[in-house]
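Understanding the architecture of this molecule
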Amino acid sequence: MSAQRESDSIKQEAALADLQNALGLVKPLNRIECFDISNTQGTSATGSMVVFQQGAPDKSQYRRFTIRTVEGPDDYACMHEVLLRRFQRWHLNHKSINPKGKSNDSFARLPDLLLVDGGKGQLGVAQAILHQFELSQAISLAALAKENENFFLPQQPKPVALPKHSLGLLLAQRIRDEAHRFALTHHRQRRGKASIRSQLDSVPGIGPVRRRALLRHFGSLDRIRAATLAELLQADSMTRPAAQSLKEVL
C-alpha cells in the first residue's frame, strides 16, 4: 500500500469511528447507503442510492430509481417508493426469489447505516420501511438535514449536532452530497428526454413510432433539426408529409 493510500485509509477509519461515536451506534459502519430524491415541481422524479464501503465510494454498487407511483412534488412518497423497492429487492435475494434467476449484490447486502437526505419526515418514512421488513434492529438509521446540517435519529426528539469540522460530519456530508449529485444527474437526463419527446410529439404526423425511429437514426434533436428533407426520409417509417412538418416546426 502506498503512503497516500495508507494515509487516506487512516483518515477514513477515523471519520467512520467519529461518526459512529457521535451518533451513538454500536456496529462499525463498514457499509453506508445513502438515499436522495430529485425532482422539479414533481416532474421526472428520480431517486438515488449510493454506497460507501469503509468510508470510500463503491460506484459499482450505486443504483438509480425512476419514480413510478408518485405524481406531483411529494418527496416523502418518493422516498417511500425508493426505499420500498430497495428492500423488496433485498427480500427477493434473501429468500432466493429472483424472477431473473440471478442475484444483485448491491441489493442483496444490508447496510450498517441507512442515511437519508432530509429531516424528521424522511426519517419517519425510512423507519416505517425498516419496520415493515423487520430490519429496525439490524440497520442503524439517520437523516441528515441540509438546514443546520443536523442529524435526526430514531427515538431521539432533538437533532444531533456534530462539530462543524468534525471528520464524522464531513464524511456524512460527502456521502449525502454524492447521493444528491447522482440523483440530480439522472433527473436532468430524464427531463432532457422528456423535453425531446414533447417537442417531437408536437409535430403533426410524428407519433411515438416515428419519434423513436428518428432518435434511433439521428441520435439527438439537434441532428434531427440539421437534417435535410432527404436525410429525414431515410429514417424508418418516415413519410414526405411528416418530414416536411418536421422541417417547418423545428
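Here we summarise the structure given alongside this text. (Residues numbered from 1 in each chain as written. Predicted model: local features only at pLDDT ≥ 70, side-chain atom pairs only at ≥ 80, totals over all residues. Heavy atoms only, no water.)

The next point concerns the layout of surface pockets. Remark: the empty space left among the atoms is shown by a probe the size of a water molecule rolled over them. Here the largest pocket defines a volume of roughly 360 Å³. In this structure, the largest pocket is lined by 16 residues; those nearest its centre are Ser136, Ile139, Ser140, Leu141 and Pro154. Taken together, the elements giving at least two residues each to the lining of the largest pocket come down to helix H4 (120–132) and strand S6 (140–144). Along the lines of polarity and charge, the residues of the lining of the largest pocket split into eight nonpolar, seven polar and one charged. (1 Å grid on protein atoms, 1.4 Å probe; cavity = no way out; pocket = protein on both sides within 12 Å on 5 of 7 lines; lining within 4 Å. Points joined across faces, edges and corners; volume = space filled by probe spheres on them. Helix = DSSP H or I, 4+ residues; strand = E, 2+ residues; numbered from the N terminus. Nonpolar A, V, L, I, M, F, W, Y, C, P; charged D, E, K, R; others polar.)

Turning our eyes to something else, we now look at the packing of aromatic side chains. The tally for this structure, following the rule as stated, stands at three aromatic pairs. Centre to centre, the rings of Tyr62 and Phe182 are 5.1 Å apart; their planes meet at 70°, and the pair counts as edge-to-face. Placement of the pair is Tyr62 in the loop between strand S3 (56–57) and strand S4 (63–66) and Phe182 in helix H5 (residues 167–201), with a sequence separation of 120 residues. Judged by centre distance (6.2 Å) and plane angle (40°), the ring pair of Phe87 and Phe133 falls under tilted. Of this pair, Phe87 sits in helix H2 (residues 75–94) while Phe133 sits in the loop between H4 and S6, and the two are 46 residues apart along the sequence. The exposure classification of Phe87 matches that of Phe133, with both residues buried. The cationic tip of Arg63 hangs over the ring face of Phe107; the distance from NZ or CZ to the ring centre is 5.9 Å. Over the face of the ring belonging to Phe87 we find Arg86, whose NZ or CZ atom lies 4.8 Å from the ring centre. (Phe/Tyr/Trp six-rings, centres within 6.5 Å; stacked < 30°, edge-to-face > 60°. Buried < 20%, exposed > 50% of the residue type's maximum accessible area, 1.4 Å probe, protein only. Lys NZ or Arg CZ within 6 Å of the ring centre and 35° of its normal.)

We now examine the packing of H2 against H4. Remark: H2 packs on H4, axes separated minimally by 9 Å, with the N-to-C direction vectors making an angle of 30°. Between H2 and H4, the crossing angle belongs to the class labelled roughly parallel. Once H2 is placed against H4, the crossing between them reads as right-handed. Contact with H2, carried on its side by Asp75, Tyr76, Met79, His80, Leu83, Leu84 and Phe87, involves Gly121, Gln122, Val125, Ala126, Ile129, Leu130 and Gln132 of H4 and no other residues of that element. Residues of the contact of H2 with H4, tallied by class, amount to nine nonpolar, four polar and one charged. (Axes fitted to C-alpha atoms, helices over the stretch in contact; angles between N-to-C directions. Parallel < 35°, antiparallel > 145°, perpendicular 65-115°, else oblique. Left-handed = near helix turned anticlockwise from the far one by under 90°. Contact = heavy atoms within 4.5 Å.)

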